Each structure stands twice: as C-alpha cells, then as structure tokens.
Amino acid sequence: MSLRGLQTGTRGSASGVPVQSARHVIPARSRGALRVSAVAEAERTATSSSPAPTGDITNKLKYLFGKEAAETPKDAYHGTAWSVRERLIDSFDKTHEHWKKEDPKFIYYLSAEFLMGRSLTNTVYNLGLEGEYADALRQLGYDMEKVADAERDAALGNGGLGRLAACFLDSIATLDLPGWGYGIRYKYGMFKQVLKNGYQAEQPDIWLTSGNPWEIRRDGLRFEVGFGGRVERKKDGNKEVTVWTPSEKVWAQAYDNPIPGFSTPTTSNLRLWDAQPISEFDLGAFNAGDYDRAMLDRERAEAISAVLYPNDSTPEGKELRLKQQYFFVCASLQDVLSRFKATHGTKFELLPDKACFQLNDTHPTIAVAELMRLLVDVEGLDWDAAWTITTKCLNYTNHTVMPEALEKWPVKVMAKMLPRHMEIIEVINEGWTKWLGGHLKELKAEERAKRISAMSIIHENPWNKEEMLVNMAYLAVVGSSAVNGVAAIHSNIVKDEILNDFYQIFPSKFQNKTNGVTPRRWLAWCNPELASLITETLGSNEWINDTEKLSALRAHASDPTFQKKWAAVKHAKKEKLAALIKKIHGDSVNTNALFDIQIKRIHEYKRQYLNVLSIIWRYKQLKKMTPEQRKKAVPRVCLIGGKAASAYDMAKRIIRLVTAVGDVINKDPETKDLLSLYFLPDYNVTLAETIIPAAELSQHISTAGTEASGTSNMKFQMNGCLIIGTWDGANIEIAEETGVDNVFVFGVRADEINQLRKERKNFKTDPRWDEIMKDIEGGMFGDKDYFKPLVDSVNNMKVGNDWFLVANDFAAYLDAQEEVDKVYKDQSEWLRRSIMYTAGSGKFSSDRTIREYAEDIWHVKPSRPAA
Ligand SMILES: Cc1ncc(COP(=O)(O)O)c(C=O)c1O
C-alpha cells in the first residue's frame, strides 16, 4: 500500500530552515480574526521535516520542468502543486499503513463520475498548509489565488451526481472513515462549452496535457478486463465449471488520487482506472506496412476510458457506455478482492465484514453480476454462498425519477458484450421470480403473474415488443442490502412510485439519505471572507467540521452591526463576480442590483425556460414604466449558466433563448441598469465557487417531484443566498431548516402533477404568458424559426406537451418574483433572511450525510492514524 519510492522531485529545504507542518490550522487568509481550536493548535505544533516550500517550489520547477524560475502563474502553480503533492503522499502513506495494520471494514464508493474541480486550494487548506504556501508564493512574487487559478478543473462528471461523489470523498476522509472512491480516469472530461453567436458549441476538455500532479500512476497495478467471446462448461474433476473466454481484453491501469481530510491526519483515496491495450503494438502489422492495424488494439482499448458521456438523463443507449461501466466495476472488484485475499485468503464469508460498495446510481450496477462471477466462476464458491455475500456487500442509491435515466440495457447488447454476465443475470432473475412466486402465493394466479412480470429484472421493451431489456435499477434493488433516495420527498417517490412493488416486498430495505455538500470547499474555502466573519462571530472555527454550530448565527440575524458586516462580504463577492462578467462579456454590471442566479445543467425539468419567460415579462414591464416608476424598481442582474447535453436539442434552444433575450435587454440604454441577463459559459466547479458566494437569490424551480434533491441549493444556502423554489427535492428540507417563510416557495405540489398533466390541454394560460409566447414567435428576440419548437413544446397542446407544466406555474412564479422585489427593498429583512439561510444550513453538510450512510448502511467505523 505504501507509495514511498514513487515520489518525484528533490527534497530538502533550500533555506535550511525547518518548517512547521501546519495541518489543521485555520487558513492564513482568515487567521488573525479567528481563534484556533485547542485540538487544532495542539496538532499544529507537531512539526514535520517537510522542506521549506519556497525552495521546494523552485526545485520542482527546475527538476521537473527545466525552469530556473516561475515566469508565469502557471509555472508557479506547477511548482507549488508538485511540492504539495509530496506532503499529500506522506499523509496518504501514513493513513494506509495505519489502515493496513488495523484492517477495518472499508466503504468503496463506485461512481462513473467524480466532478472534483481544482485540487490545489482544497489540498493546502485541508492539509493546513495554506499559510506556508501562500507565504512562499508571496516571496516568489505570486498571489496564491492567482496561482490556484492556473489549475484546470478535473471535470470527470456531468453535474450533481458527480459533484456529490466528490463531496462524499471529502467527508469520508474528514470523518476518518476507511473508504475509497472508484471510477474512470477519463482522458477527456466534461466538454468545454463555448458560445458561438449565442449557441452552445462543445469542445473537447483536454485536461491532462500538462500532467496531473494530483494523481499517482501505480505502476504494475493493473487488472485484465474482458468483453465479448464465448462461455463454456468444462469439467474440473467431477465439478462442472464455467469458463468465459472474452474475445477482447484490455488492462485497467490504476491511478490514485489522494483525498485529504480536513482537521485530521487521514488522507484517503480515489482510484481511477485507465484503459490500456494488452498488446502495446502489433509489430508484425507494422512491418508489413499496415500502420493502422498496428495501432488498432491501442486505439480500441483507449477508447474505453477516453470520453465522459456528456449525457445527463437523455436517452443515449450507447454500447460504449456499458463497456465503461463494466470496465471500472470489473477492475475495482478485482482490486478489492485481491487485497482481501492478501489478508484473509479465501475466507470470503468475511468479505461483508471487510468491504461494502455503494452504487452511485445504476451506472455501476453490473457489479451485482460481476461479484457473482468472480465468486462463483473464479473463486469456486457455490451460487447460494456467493449470492449471500454479494447482497450483503452492495447498496444502491437512486438519483433520478426520470424514466429515461433509469438504465435498461437490451439483452442483445448485454449478451454480446458480457455473455457470462447475461447468463448470471438470467439465473438471478429466475431465482428472484421464483422466490416472488412463493412470496406472493396468496394472490390469485393472474394477479401473481402480473406482479411477477412487472418486477422481473428482464422484461419486454414497452415500446418495442421484439426487444427484451435488463432493468438495471431492478437488478440493483434485488442485489443490494439497502436502497436509498437522496432527499425525503425523493425517497418517498422511490418508495411510493418508482420502486413501489419492491418497497411493498422489502420495506426495510428502503431508506432516505438526504444529500449534503462539503462545507470546506463550498463555504470555508470558496468564501473565506464570510468564513472569517462567521468564525469571529461564533468564537471558533469548529463549525467547519460541525456545521450544526452555524445555528448560533440565528441570534445575530437581526443585529444591524452584524448585518452590515454580512452585507459588506456579499458586496465584495458581487464585485468579484462582476469583474468576471466584465472579462467574459465586456460589460460592467450594476453591483447594487440584486444578483439573481440559476446555474445547473440545462434541462426542461429544471425550467430555465420559466426563468427566461419571467425576465422577458420584467423587461416588458420596465419598458412601460415612467422614469419615476423606474426609480422604484429593484434592479437585477440575472445570470444563467449550465451545459446542455450535446444531443439535447431542446436544452440547446433554451440556451439560445437566454442569450438572445440577453442580447436585446443588455443593449437597451433605458433599462440596462435595471435589468440585465447574461449566460455564463462553461459552468463548472470553479465557476460555481465564484458565483455562489456572490449570489443573493438563486433559482431552484424544477417541476415538483422531478428534481431528486439538488445540491447547488445547499451551497447557495450555506453562502447566505435566498432561494426562490418549488416544493421539490431538498428545497423542502432547506425551507424547513431556514424557516419556510424565509423562502420564496411557489407552484404546484408533486401530488398534483399527474392530474394536472392530464388536464394540461384544457388549462387556461395566463394572458401574460400568451403575450410573451407571441413575442417570441413574432421574432422579438430574433431566431424565430429556431425558437418555434420551444414555443410549441409548451404551447401547442399535443399529448405530452408542456410535460413540465411551465404554464401552470407561470403566474405563481411571477407572484413569487414580485415578493422577492418587495423583500429586497427592505434590506434589513433581506439580510436577516440571508443570515438565517447560513444559520439553517447545518443539516446539509455532507459530513452529516456520510455519517448516516456509515451508521445505517455501511456499518463502517472511523479509524484515524496517529498525527
Ligand atoms: C459544476 C456543477 N454542476 C452541477 C451541479 C449540481 O447543481 P444542481 O444541484 O443545481 O443540479 C453543481 C453543484 O454545485 C456543480 O458545481
């Protein structure tokens, strides 16, 4: 497990002065105003022999990059990152030596996506090295923040699901839980979004070109992964064994990404797999002049981990995606089993006491069949013993109610790519449906057959009777110990609707685990000014690890002096965001305006469309006002950001509508100081870290019952941003914690949706709605042909149109927006609410979520190495 010997570069202090290891101290940026906790202070005094950063940074530049000095912030970033990496590896080694000795139960978080963002700031802060490195960089003539800006985001995820996985890793490490993430080292992450004449264009995200200091290639640690081929039964003595001979094989090469916890010596791990060819190069083909064929194996293999699917809940049934899923699951399970065997030999009955796996959505569900294959075919266990172990080890998190995102693979595709797994799934399904038959024996034969058919893992495609499908969510439920949704309302929808049949049979399997976000990245590190004010007010920074302590801010919510300080921080953050808007769009925005933000993937259910329609209405109202009336209007800067899946046509049209409306209103001299609208391209973690602290109002306006949880709502809440939202996902719990009256809640409720959908074609639309629709159709914002399908999708009531009930919620939304204006005019009330949001955000730390998973599902206990 040790990584010693893999460290690169040179060591030793250039100045010769030993430097203190400052892990767990409060960030230097906030120091002075803050009081260091006793524990942190004690740990801080534990010195290490790490080299002085200034010399080390220049050494890294010299020996790794061939540069005498840092000429650009990028150089300074490289030198710093490679220097910090060594401290990280030391911590990683200590942690893993400790865990190896202790042999605790591990949680393995299997996720096709990890949206990590940048690492430098998070690493130095979590390791408590920020002061040291900021000082060192200052001596070299650089500012830490600018240097951190030179890092590229690791965007190995689409959105909420991948970012959740990243927050979970931070909390797992911070809580000292023995746990790793497992995923894919995509060569090209989430695409880079650019605007071309207001339309989204996608460019590849080539993020690894300058090397990645945050990963360690584990030479020699690789596993074979096979695809296709044939399955045969053979005799082994008097036992019949199954032998799968794949027609294609690749290596899965391990890369480790150490994950430092905060205020603890624990550094955990995200192990990502890179696909590589079994045979490097076909020299025979090359010598025969067939250069293409010579490279073929490499290209085919590398394609597996090449691209993250830019696919967020759209039906993209691509074979390559299944290949990716199997690839990382197969390598991860082999890896865990090989470590288990090194300690426990073949006592596989102990496996559930030593390892459990969380399936982050259905993407890793093939793990059910793969663990069975490894235990039965490779390790020789009998089926029943293997099934008991498998179901004890696996747990499944459902993330979506969108039917199109609940993965179903055609049996034909599965049988061709993974023939042995298809057989295993068939056997599992046979056993499952047989068991069901017995369990439901009280029912009449016809009813029983209907129920069994409805719950069969393998079923007919309802749209194409010729095709049989493997329902991955059903496989995950049958193969898991626990199934959870990600917010209270969503878990209820999972139980009452999506998986209701299963819930009736296994009620105790179903749980809720409301999502959370790490308060380190999403408050303490991205908003150090607010963090500092909070620490100063609460008298300690313990809230960073115990966010329930934020509730003490409630006592200060109405204090004018505190409100003034609070407002000053928000204003400074707005100025910073305004500078970014200026950089992107060349325009100066009014920083006294209300900053109104909607940033998330562009999707019809998230209803950016509704937001734009209300902006159009606001603009029309402003145009009608006299100059006197305009003086009383609340000025707004509206910002929308988010990527549309490349094949998601309607989402792309929504982006274009945003930019087209912005083009008109931002140029209108009469109103531009009162209303502007900008689309912020290439929304990613780093952009979120700048936008969220500056936001005053954020929009979470999905059709009730469609957003499983949301996590950006929690980040905004932590940063004192008011929410306008529907009664959906985690908005509900956020409102409960913040005080429902402090939230601008509007719109229909989830239990009304089905009926309203049925009645939508008879719904009488609001006259303001009709007017705006005519404006768009009539070309007020240009591009009228391009916008026609968008207008038709909500207006021309064919079956299924306006599925997300934009028209139904339109009037209530405008009312809620009016209420926003009213409250904003009373700045003292607005600030009181803002403080109440942060004060109420304690529940939404991912530390709370992870503690619940650890106690209720994983049964994994903390194991902290010595400092
Ligand atoms: C880059 C990115 N994408 C997507 C999300 C998820 O956003 P939401 O919860 O609004 O869907 C986040 C959360 O902060 C994020 O940082």
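Residues numbered from 1 in each chain as written. Predicted model: local features only at pLDDT ≥ 70, side-chain atom pairs only at ≥ 80, totals over all residues. Heavy atoms only, no water.

### Some thoughts on the overall build of the protein
Then step 1. When its secondary structure is counted, the protein shows 34 helices and 24 strands.
Then step 2. Scaling as 2.2 N^0.38, a compact globule of 867 residues should have a C-alpha radius of gyration of about 29 Å, and the protein matches this with 28 Å.
Then step 3. The principal-axis extent of the C-alpha atoms belonging to the protein is close to 95 × 80 × 60 Å.
Then step 4. Partitioning the intrachain contacts of the protein with sequence separation of at least 6 by distance along the chain shows that 78% fall at a separation of at least 24.
Then step 5. With an accessible surface of roughly 33100 Å², the protein has 51% of that area assigned to carbon and sulfur atoms.
Then step 6. Counting 113 positive and 115 negative side-chain charges, the protein places the averaged centre of each group 1 Å from the other. (Helix = DSSP H or I, 4+ residues; strand = E, 2+ residues; numbered from the N terminus. Rg over C-alpha atoms; globule rule 2.2 N^0.38 Å. Contact = heavy atoms within 4.5 Å. Areas by Shrake-Rupley, 256 points an atom, 1.4 Å probe, with all protein chains shown as cover. Lys, Arg positive; Asp, Glu negative; His and termini not counted. Charge placed at Lys NZ, Arg CZ, Asp CG, Glu CD.)

### Brief notes about the sheet that holds strand β14 (residues 408-410)
Then step 1. Strand order across the open sheet formed by 3 strands is β14-β16-β15, with antiparallel pairing between neighbours. Sheet topology places β14 and β15 (458-461) at the edges, where each strand pairs with a single neighbour. Strand-to-strand twist across the sheet, computed as the mean angle between neighbouring axes with direction ignored, equals 45°.
Then step 2. Where β14 and strand β16 (residues 464-471) come together, 3 bridges link them in antiparallel fashion. Bridging from a neighbouring strand, Trp409 pairs with Val470 of β16. (Pairing = 2+ DSSP bridges. Axes fitted to C-alpha atoms, helices over the stretch in contact; angles between N-to-C directions.)

### A closer look at the domain arrangement of the protein
Then step 1. Domain annotation for the protein reports domain 1 (103-118 + 153-513 + 853-858) and domain 2 (519-844).
Then step 2. Put simply, the middle of domain 1 and the middle of domain 2, counted by C-alpha atoms, are 35 Å apart.
Then step 3. Interface of domain 1 and domain 2: buried area, both sides summed, is about 3300 Å²; carbon and sulfur atoms make up 57% of it.
Then step 4. At the junction of domain 1 and domain 2, the tally comes to 2 salt bridges.
Then step 5. Between Asp170 and Arg520 there is a salt bridge, and its shortest N-O distance comes to 2.9 Å.
Then step 6. When contributions to the side of domain 1 that touches domain 2 are tallied by element, the ones reaching two or more residues are β2 (114-117), α7 (160-174), β5 (192-196), β6 (199-203) and α18 (488-498). (Domains from an automatic or database assignment. Buried area = accessible area lost by both parts, 1.4 Å probe. Salt bridge = Lys/Arg side-chain N within 4 Å of Asp/Glu carboxyl O.)

### Description of the site of the ligand
Then step 1. The local shell around the ligand holds 15 residues, among which Lys600, Lys606, Thr711, Ser712 and Lys715 are the closest.
Then step 2. Ser712 places a polar side-chain atom, nitrogen or oxygen, 2.6 Å from an oxygen atom of the ligand.
Then step 3. Lys715 places a polar side-chain atom, nitrogen or oxygen, 2.6 Å from an oxygen atom of the ligand.
Then step 4. In isolation the ligand has 400 Å² of accessible area, and contact with the protein removes 96% of it.
Then step 5. Contributions of two or more residues to the shell around the ligand are made by α26 (685-694) and α27 (712-718).
Then step 6. Counted by class, the shell around the ligand contains 6 nonpolar, 6 polar and 3 charged residues.
Then step 7. For the shell around the ligand, the two domains that each supply at least three residues are domain 1 (103-118 + 153-513 + 853-858) and domain 2 (519-844). (Near = heavy atom within 4 Å. Polar contact = N/O pair within 3.5 Å; in protein donor to acceptor, adjacent residues only side chain to side chain. Nonpolar A, V, L, I, M, F, W, Y, C, P; charged D, E, K, R; others polar.)

### Some remarks on the UniProt feature "modified residue: N6-(pyridoxal phosphate)lysine" (unreviewed entry) in the protein
Then step 1. Per the UniProt annotation, the sites labelled "modified residue: N6-(pyridoxal phosphate)lysine" (unreviewed entry) are Lys715.
Then step 2. The residue Lys715 is located in helix α27 in this model.
Then step 3. Other than its neighbours up to four places away in sequence, Lys715 contacts Arg163, Val517, Trp522 and Ile692. (UniProt positions renumbered as here; feature names shortened; annotations may be inferred.)

### Here we look at helix α33 (residues 827-839)
Then step 1. The end-to-end C-alpha separation of α33 is 18 Å, in line with the 18 Å expected for 13 residues at 1.5 Å each.
Then step 2. Burial runs high along α33: 10 of the 13 residues are buried.
Then step 3. Residues of α33 that are buried: Glu829, Trp830, Leu831, Arg833, Ser834, Ile835, Met836, Tyr837, Thr838 and Ala839. (Expected span 1.5 Å × (residues − 1). Buried < 20%, exposed > 50% of the residue type's maximum accessible area, 1.4 Å probe, protein only.)

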